[in-house]
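Residue-level listing of the chains:
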Amino acid sequence: LAATTSPTLLRGKLDHAQPGMLKQLATHVFAPTVLQNPKLNDDRDAKALVVGFLRVLAETPDALHDAAALPSPWVLTLASLFAIATAHARDNIHAAAPNNDDDFAAHFDDPDHAGYDAAFSQLHFGAKPKIAGKFNDINDLNAYLHTAVSQLCLTNPSFQPLAQQAQTLAAQHRAS
């Protein structure tokens, strides 16, 4: 929701329901869930989460500020975004790698293996509407996230140590 609307508006709606709810959701629901399993089913979901939470971190950083919490909700949220971006980057690399050529070539010798039919392909893909999304311009989620965080740190240098903590935390969760 924060990816398509104002993070300030989202925070206001959540605070209206319960003061501090955004911080509670980020700390106790979003971050633990994502750090345990950062791979989402859909790249669009990953992009929406990264863009939305990045906007929350940039536009309403005080909503996730808690000096008493270690690591802070801001750091936990950014670490979760790094985990999502890294998991999706790793999957895209594996998807682009060719499969075993012997298995692929074996299908050509199999008489029961269905071949390519251009007419069917046109019918199959022509019937599906093109999905227009707000995030189609983001091809590399990992690069997008790192660029956005770098720009955020340039505009507000106080975010630099928090971003470094988040990268360290994400790396620790990846290693475990």
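Residues numbered from 1 in each chain as written. Predicted model: local features only at pLDDT ≥ 70, side-chain atom pairs only at ≥ 80, totals over all residues. Heavy atoms only, no water.

All right, on to the packing of helix α7 (residues 141-155) against helix α8 (residues 159-175) then. Closest axis-to-axis distance for the α7/α8 pair is 8 Å, and the angle between their directions is 150°. In terms of their interaxial angle, α7 and α8 are classed as roughly antiparallel. Considering how the two elements wind past one another, α7 and α8 form a crossing that is left-handed. Between α7 and α8, the residues in contact are His-146, Val-149, Leu-152 and Cys-153 and Phe-159, Gln-160, Ala-163 and Gln-167, respectively. Partitioned by chemical class, the residues of the contact of α7 with α8 number 5 nonpolar, 3 polar and no charged. (Axes fitted to C-alpha atoms, helices over the stretch in contact; angles between N-to-C directions. Helix = DSSP H or I, 4+ residues; strand = E, 2+ residues; numbered from the N terminus. Parallel < 35°, antiparallel > 145°, perpendicular 65-115°, else oblique. Left-handed = near helix turned anticlockwise from the far one by under 90°. Contact = heavy atoms within 4.5 Å. Nonpolar A, V, L, I, M, F, W, Y, C, P; charged D, E, K, R; others polar.)

This paragraph deals with the confidence of the model for the protein chain. For the protein chain, the mean per-residue pLDDT works out to 75, and 72% of the residues sit at or above 70. Counting contacts from residues 93-109, a segment whose pLDDT is below 50, to residues more than four positions away or on other chains yields 1 contact. (pLDDT = per-residue confidence, 0-100.)

Turning next to the environment of Tyr-144. As for its position among the elements, Tyr-144 is in helix α7. Residue Tyr-144 is classed as partly exposed on the basis of its relative accessible area of 31%. Spatially, the C-alpha atom of Tyr-144 lies 9.2 Å from that of Val-50, the residues being 94 residues apart in sequence. (Buried < 20%, exposed > 50% of the residue type's maximum accessible area, 1.4 Å probe, protein only.)

The biggest cluster of nonpolar side chains holds 41 residues, and the ones touching the most others in it are Leu-78, Leu-81, Ile-84, Leu-145 and Val-149. Contributions of two or more residues to this core are made by α1 (7-17), α2 (21-36), α3 (43-59), α4 (73-96), α7 and α8. Counting residues per element, this core draws most heavily on α4, at 10 residues. Residues in contact with Leu-81, not counting those within four places in the same chain, are Phe-30, Leu-49, Val-50, Phe-53, Leu-54, Leu-57 and Leu-145. (Core = buried A, V, L, I, M, F, W, Y, C linked by side-chain atoms within 4.5 Å.)

So, on to the packing of α1 against α2. For any two helices packed against each other, one specifies the crossing angle of their axes together with the interaxial distance. Axis separation between α1 and α2 bottoms out at 7 Å; the angle between their running directions is 95°. The pairing of α1 with α2 is recorded here as roughly perpendicular in orientation. Judged by residue contacts, Arg-11, Leu-14, Asp-15 and Ala-17 of α1 engage Met-21, Leu-22 and Leu-25 from α2. Grouping the amino acids of the contact of α1 with α2 by side-chain chemistry returns 5 nonpolar, no polar and 2 charged.

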